[in-house]
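Structural features, examined
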Amino acid sequence: MGGRAKHILLGAICAGLTSVAHASVLDNPAFDVQGLVIVWSAAADGTVPVVSDFVVETGAPGGTDLIANDAFTVVTGSLLTTQDSTGAFGGIPYVISDTASGDINTDSNGDGNITGDDAISAFELNPAIDTRVDAVSTRTSFYVASNTAFNITGELTDQNSDIVGINLSDFITLEMNVTVSDTDGGLTFGGDAQAPHSGGPTAGFTGPNPRILSTLDSGGATVFSGNQATASNPGTILTQSVRFDQVYSIGFTGYDLSFGTFDFDATVVYTVFVP
């Protein structure tokens, strides 16, 4: 009787040990390809082309830019930095008005500046002939590649003028557009790109376009809202990039030779971000 009872107890212990001998392992691999916007142009030291912004969609407002340094635009159609571009490349052209052959633009080679490379023909003087500095423009650019839609703000942060009592930013217009593909300074871009707005290269620009430059003062404004990536086909950062072009035109019709020489310069900060 006692031996049997001991045998039954041992069997019960063994059964209990068997019931808890198991374990589970959970694995949850996940991949999240976030929005990415790459901006390139010229570095502050003039080095070009340089990637100056690398914006990742991290959930923070506007995303996070992994590159702290800002950059300068380039002269449209070239890879020349616009830092101090007036001093480096010449002054704004004059328009000689009301000649017998019409108005004469002294920017004969069309590069947006008057330098020793320009040449004009002799013209007959009459009492109505005058000089103007309106209807001339300067052109700057930067480049963007993205896998997602992005927006751009513009802010006029600084301006200086030798003409006392006149705010020249009230007489300067800014027009923006997109060039999807071209070759600048021997570098070809955009072969695998599309306009960053489905409406095409002229779509997505918010507010008046062109707009008065001074409207970007006091905190700036959104100047572009895109709705698609620039990358349209497999390629490289260069081939998936588009060019944003800014045309600044001066409409100051009150200039007279009695004003003498003057300088005007402004700083406009463009911020590219993931909305």
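Residues numbered from 1 in each chain as written. Predicted model: local features only at pLDDT ≥ 70, side-chain atom pairs only at ≥ 80, totals over all residues. Heavy atoms only, no water.

1. Quick look at the confidence of the model for the protein chain
Mean pLDDT over the protein chain works out to 86, with 88% of the residues at or above the 70 mark. Under a pLDDT of 50 for its full length, residues 5-11 has, in the predicted model, 0 contacts with residues more than four places off or in other chains. (pLDDT = per-residue confidence, 0-100. Contact = heavy atoms within 4.5 Å.)

2. Looking at the packing of aromatic side chains
Following the criterion strictly, the structure yields 9 aromatic pairs and no others. Taken together, a centroid distance of 6.0 Å and an interplanar angle of 65 degrees make the contact between F150 and F244 edge-to-face. One end of the pair, F150, is in the loop between β8 (136-146) and β9 (151-161); the other, F244, is in strand β15 (residues 241-250), with 94 residues separating them in the sequence. The two residues F150 and F244 agree in class, both being buried. Ring pairing ties together the aromatic residues F142, F150, F205, F224, F244 and Y270, which thus form one cluster. (Phe/Tyr/Trp six-rings, centres within 6.5 Å; stacked < 30°, edge-to-face > 60°. Helix = DSSP H or I, 4+ residues; strand = E, 2+ residues; numbered from the N terminus. Buried < 20%, exposed > 50% of the residue type's maximum accessible area, 1.4 Å probe, protein only.)

3. A look at the nonpolar core
The biggest cluster of nonpolar side chains holds 34 residues, and the ones touching the most others in it are V37, F142, F150, I152, F244 and Y270. Looking at this core, the elements with two or more residues in it are β1 (36-41), β8, β9, β10 (172-179), β14 (221-225), β15 and β16 (264-273). Apart from residues lying up to four places away in sequence, F244 is in contact with T140, S141, F142, V144, F150, I152, M176, N177, V178, P196, F205 and F224. Listed in part, the 6 residues of the second largest apolar core include W40, A42, V74 and F189. (Core = buried A, V, L, I, M, F, W, Y, C linked by side-chain atoms within 4.5 Å.)

4. Observations regarding the side chain of S41
Counting through the fold element by element, S41 comes out in strand β1. In terms of polar contacts, S41 uses its side chain to reach the backbone carbonyl oxygen of F72, at 2.9 Å. Contacts of S41, omitting those with residues within four sequence positions, involve T47, V48, P49, V50, S52, A71, F72, T73, V74 and F142. (Polar contact = N/O pair within 3.5 Å; in protein donor to acceptor, adjacent residues only side chain to side chain.)

5. Some remarks on the sheet that holds β16
Within the open sheet, the 3 strands sit side by side as β14-β9-β16. Their pairing is antiparallel. The sheet terminates laterally at β14 and β16, the two strands that pair on one side only. In this sheet, neighbouring strand axes are inclined to one another by 30 degrees on average, regardless of whether the strands run parallel or antiparallel. Pairing of β9 with β16, which is carried by 10 bridges, proceeds in the antiparallel orientation. From the neighbouring strand, I152 faces β16, where its bridge partner is V272. (Pairing = 2+ DSSP bridges. Axes fitted to C-alpha atoms, helices over the stretch in contact; angles between N-to-C directions.)

6. Topic: the pairing of β9
Pairing of β9 with β14, which is carried by 4 bridges, proceeds in the antiparallel orientation. Across the sheet, T153 pairs through a bridge with T222, a residue of β14.

7. Describing the sheet that holds strand β7 (residues 130-132)
Strand order across the open sheet formed by 3 strands is β6-β5-β7, with antiparallel pairing between neighbours. Because the sheet does not close on itself, it has two edges, and the strands there are β6 (102-105) and β7. Geometrically, the sheet is characterised by an average inter-axis angle of 25 degrees between neighbouring strands, direction not taken into account. Examined bridge by bridge, strand β5 (residues 95-99) and β6 share 3 bridges and lie antiparallel to one another. Bridging across to β6, V95 finds its partner in N105.

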